[in-house]
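# Structural characterization, general
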Amino acid sequence: MPKAAAKNPLLRRKSSSPFSSLQRTKPNVGKSSLATEDRLDDSGLIPSLAPEDVAQDVLSLVEYVKGIAFDDIPDRASGMNSERISEVLRFRRALPSILYALSRSSTATEREIATLVAEGKLRKISIPGRGRGGTAVGDGVVLVSDCIAAITAESSIPQSVNEAYLSLLTTHPASSTTSTTSLTAEEERTLVIAGFLTSPGALTSSLSDLFAPPTLARSSSSISAAGHINPTGSMAAIGGAGAVHASGGGGSMLATSSGRLTRPPGHEMTFALPGTGAYLKLLVAARAHLLHLLKSLSPKYKEATLDVLKERWEGNVPGDAISRLKRERGEWGGVLPGKTKKWREFWGLRFDYVLAEAVGSGVVEVFETGSVGLAVRAR
């Protein structure tokens, strides 16, 4: 019978470390870093985002804001091919010039807007979705000259309908709605399809839900389940009237609403501009992303310095002259601008524009730290 092999003493695992008998734990796993997060100093001063070199009258501010909405597409090393660049330019061109001018004195601005509206130089457009949670209703301002240029450039609208619409604008300079007694059913349909008129209650029964995010209205899952819980062939089986709008789509719900033929003549319609839905959807998404960046930078206090927040919005792509030259020479090893979220989803929307929109809607506030400059905090 063979003898058992003797154990090699060299294979015995002995540790001479004095810490070998201590309990082993994984470092910093499952522990939150919120306890060590420092809050930024707040000097109590509320800075203004109004530009220093721009006149503070409303018309000058409107022209200024129109010019800062989007960044220019880089000439070289943009990270986008010619087809994508063309798509970006077409999207920007289709957006309406509905703005919120940011000035140092909101009271003086409101008085001047009222004067310009009475003079027929400015119009107020009803803009749902402004405010906390995307449910408040507000007003946007648009130049009357931009309204006239938009409908004049629309080739699908006959000249007679064009003149009828301009007459409505002149007759109701201070109202966001108008009676359609002077329009025929076909003229009204043409203007609705083109996006220059819309019904106040066309999408929902309440203006507060007119541009609520899809998660607050109808989600794609609820639309897909509608066919299983409703009779086949009914309107409810496809999600109901306006299901496309509620899930973030476009088009005119008036063309599918069963109440189109039964509405009394001369009902009220709301003035609008083509592309307003895409404009609002872009702003809501950009505002949500800005809040997400604040939360990721400071989970506890939801605040960050202005420079750091802007760097995150830009996708951590440096914008200094040396970095731009490196990208143009092909020496850049980082991410190109066109591959960042700013260009892929927000079409090059400028950080300053998004910040001003978020401050105006009340979801963030800007404060002076006194040591590291301006900072932004979610409200």
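Data block above holds the structure.
Figured I'd write up the structure that's included with this text.

What counts and what doesn't
- All chains use their own residue numbering, which begins from 1 and follows the written sequence.
- Reporting in this predicted model follows two pLDDT cut-offs: at least 70 for local features of residues, and 80 or more for side-chain atom pairs to be given and counted; totals over whole chains, interfaces and linings ignore these cut-offs and use all residues.
- Here the side-chain values reflect all heavy atoms present in the structure, with hydrogen atoms and water set aside.
- Each helix is a run of H or I in the DSSP string that is no shorter than four residues. Each strand is a run of E no shorter than two, and both are numbered from the N terminus.
- Between buried and exposed lies partly exposed: a residue is buried under 20% and exposed over 50% of the maximum accessible area for its type, with that area taken using a 1.4 Å probe on protein chains only.
- Only heavy atoms matter for contacts: two residues are in contact if any of them lie within 4.5 Å across the pair.
- Working definition of accessibility: Shrake-Rupley area with a 1.4 Å probe, residue cover restricted to the visible protein chains.
- Note on terminology: a nonpolar core comprises buried Ala, Val, Leu, Ile, Met, Phe, Trp, Tyr and Cys residues joined through side-chain atoms within 4.5 Å.
- We treat two strands as partners when DSSP finds at least two bridges between them.
- For helices, the fitted axis covers only the stretch in contact; all axes are lines through C-alpha atoms, and the angles between them, taken along N-to-C directions, range from 0 to 180 degrees.
- Any Lys or Arg side-chain nitrogen located within 4 Å of an Asp or Glu carboxyl oxygen qualifies as a salt bridge.
- A pair of Phe, Tyr and Trp rings is counted when the ring centres sit within 6.5 Å of each other, with Trp represented by its six-membered ring. The angle between the planes then sorts it: under 30 degrees is stacked, over 60 is edge-to-face, the rest tilted.
- A ring has a charge above it when a Lys NZ or an Arg CZ is no more than 6 Å from the ring centre and no more than 35 degrees off the ring normal.
- Here the angle decides the label: under 35 degrees means roughly parallel, over 145 means roughly antiparallel, 65 to 115 means roughly perpendicular, and every other value means oblique.
- In a left-handed crossing the near helix is turned counterclockwise from the far helix by less than a right angle, and in a right-handed crossing that turn is clockwise.
- Gly counts as polar in this scheme, as do all residues outside two lists: the nonpolar Ala, Val, Leu, Ile, Met, Phe, Trp, Tyr, Cys and Pro, and the charged Asp, Glu, Lys and Arg.
- For this analysis, a polar contact is any N or O atom pair within 3.5 Å, provided that within protein one partner can donate a hydrogen and the other can accept it, and provided that sequence-adjacent residues contribute only side-chain to side-chain pairs.

### Regarding the overall build of the chain
- Helix and strand content of the chain: 13 helices and eight strands.
- When the 379 residues of the chain are sorted by exposure, 35% land in the buried category.
- Taking the intrachain contacts of the chain between residues at least 6 apart in sequence as the baseline, contacts between residues at least 24 apart amount to 69%.
- Put simply, the chain shows about 22200 Å² of open surface, and 55% of that area lies on carbon and sulfur atoms.

### Observations concerning the nonpolar core
- Residues Leu191, Trp313 and Leu349 are the most contacted members of the largest nonpolar core, which totals 55 residues.
- When residues of this core are assigned to their parent elements, the largest contribution, eight residues, is made by helix H9 (residues 276-297).
- Beyond its immediate stretch of four places on either side in the chain, Trp313 contacts Ala286, His289, Leu290, Leu293, Lys342, Phe346, Leu349, Arg350, Phe351 and Val354.
- Within the second largest apolar cluster, eight residues are counted, among which are Val62, Leu116, Leu122 and Leu143.

### Observations concerning the sheet that holds strand E6 (residues 303-305)
- Read across the open sheet, the three strands follow the order E6-E8-E7; overall the sheet is antiparallel. Every interior strand has two partners, whereas the edge strands, E6 and strand E7 (364-368), have only one. Ignoring which end each strand starts from, the neighbouring axes of this sheet average 25° apart.
- For E7 and strand E8 (residues 374-378), the ladder comprises five bridges, and the chain directions are antiparallel. Each bridged residue has a counterpart across the sheet, and for Glu368 the counterpart in E8 is Leu374.
- Each of E6, E7 and E8 touches H9; the most contacted strand, E8, lies at about 100° to it.
- Against the sheet, helix H10 (residues 306-313) contacts E6 and E8, and its axis sits at roughly 95° relative to E6.

### Quick look at the sheet that holds strand E3 (residues 177-179)
- Taken in spatial order, the three strands of this open sheet run E3-E5-E4, and their pairing is antiparallel. The sheet is open, and its two edges are formed by E3 and strand E4 (197-198), each paired on a single side.
- Of the strand pairs in this sheet, E3 and strand E5 (residues 268-271) are connected by three bridges, and their pairing is antiparallel. Looking across to E5, one finds that Ser179 is bridged to Glu268.
- Here helix H5 (residues 159-171) sits on the sheet in contact with E3, E4 and E5, set at roughly 90° to E5.

### Some thoughts on the pattern of salt bridges
- This structure, assessed with the given rule, holds 13 salt bridges.
- Between Asp42 and Arg377 there is a salt bridge, with its nearest N and O atoms 3.3 Å apart. With a gap of 335 residues between them, Asp42 in the segment before helix H1 (58-67) and Arg377 in strand E8 connect regions that are remote in the sequence.
- Across the salt bridge formed by Asp71 and Lys342, the nearest N and O atoms sit 2.3 Å from each other. You can see Asp71 sitting in the loop between H1 and helix H2 (82-94) and its partner Lys342 sitting in helix H12 (residues 341-344), a full 271 residues away along the chain. As far as burial versus exposure is concerned, Asp71 and Lys342 are alike and both buried.
- What emerges from the salt-bridge pattern is a single network uniting Arg39, Asp42, Glu303, Glu365 and Arg377.

### Some words on the packing of aromatic side chains
- For the structure shown, the criterion picks out four aromatic pairs.
- With centroids separated by 5.5 Å and ring planes inclined at 65°, the aromatic side chains of Tyr165 and Phe196 adopt a geometry described as edge-to-face. In this pair, Tyr165 sits in helix H5 while Phe196 sits in the loop between helix H6 (185-194) and E4, placing the two residues 31 residues apart along the sequence. Accessibility classification places Tyr165 together with Phe196 in one group, the buried group.
- The positively charged end of Arg123 is found above the aromatic ring belonging to Phe271, 4.6 Å away from the centroid.
- The ring centre of Phe367 lies 3.9 Å from the NZ or CZ of Arg377, which sits over that ring.

### Considerations on the packing of helix H4 (residues 144-153) against H5
- The contact between H4 and H5 brings their axes to 10 Å, and the two run at 165°. Taken together, the axes of H4 and H5 lie roughly antiparallel to each other. Here the hand of the crossing between H4 and H5 comes out right-handed. Contact with H4, carried on its side by Cys147, Ile148, Ile151 and Thr152, involves Asn162, Tyr165, Leu166 and Leu169 of H5 and no other residues of that element.
- Of the residues assigned to the contact of H4 with H5, the class counts are six nonpolar, two polar and no charged.

### Topic: the side chain of Arg377
- The buried category is assigned to Arg377, whose relative accessible area is 10%.
- Here Asp42 takes part through its side chain, which lies 3.3 Å from a polar atom of the side chain of Arg377.
- Side chain to side chain, Arg377 and Glu303 meet in a polar contact 3.2 Å long.
- Filtering out sequence-adjacent residues up to four positions away, Arg377 remains in contact with Arg39, Asp42, Leu294, Tyr301, Lys302, Glu303, Val363, Val364, Glu365 and Phe367.

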